[in-house]
Amino acid sequence: MSLLDGGPDTIVVHPAGPVRPDGTRGPEGSPVTVRCRVQPSSSSEDASTGYLDQTLYRVLARELPAGPWARVSWRGRDWTVVGEPKRHGGSPRTRHDTALIRRR
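Residues numbered from 1 in each chain as written. Predicted model: local features only at pLDDT ≥ 70, side-chain atom pairs only at ≥ 80, totals over all residues. Heavy atoms only, no water.

(A) Just the nonpolar core, in detail. Formed by 17 residues in total, the largest nonpolar core has its most connected members in Ile11, Leu64 and Ile101. Those elements that place two or more of their residues in this core are strand 1 (9-14), strand 2 (32-46), strand 3 (51-61), strand 4 (71-74), strand 5 (77-88) and strand 6 (96-103). Once you skip the residues sitting within four places of it in the chain, isoleucine 101 turns out to touch Thr55, Leu56, Tyr57, Val59, Val72, Trp74, Trp79, Thr80, Val81 and Val82. (Core = buried A, V, L, I, M, F, W, Y, C linked by side-chain atoms within 4.5 Å. Buried < 20%, exposed > 50% of the residue type's maximum accessible area, 1.4 Å probe, protein only. Helix = DSSP H or I, 4+ residues; strand = E, 2+ residues; numbered from the N terminus. Contact = heavy atoms within 4.5 Å.)

Set out below in structure tokens:
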């Protein structure tokens, strides 16, 4: 079994709502549970944001139904998807999605 199909981590993705004509966002989409692998990506210290460190994590999944500003629940905390998830093509065995998440 591939780590892309049954990774050791489970996240819940709450897709961001649609943008309304007035610029506000509508309600979040239905939550989707995804088996994946979550790995640390980078870490930096920035006291100006109120946190001692800011760590980004990389999520690798066979299929990741997330977009920019989607909310991700992982390990009892809420995270935000940073930017657009990357869609890696290739063969059916190696095709997967990756995204960076940051603590909200």
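(B) Spotlight on the side chain of histidine 96. The residue histidine 96 is located in strand 6 in this model. A distance of 2.8 Å separates a polar atom in the side chain of histidine 96 from the backbone oxygen of threonine 94. Setting aside residues no more than four positions away along its own chain, histidine 96 makes contact with Leu4, Leu60, Ala61, Arg62, Lys86, Arg87 and His88. (Polar contact = N/O pair within 3.5 Å; in protein donor to acceptor, adjacent residues only side chain to side chain.)

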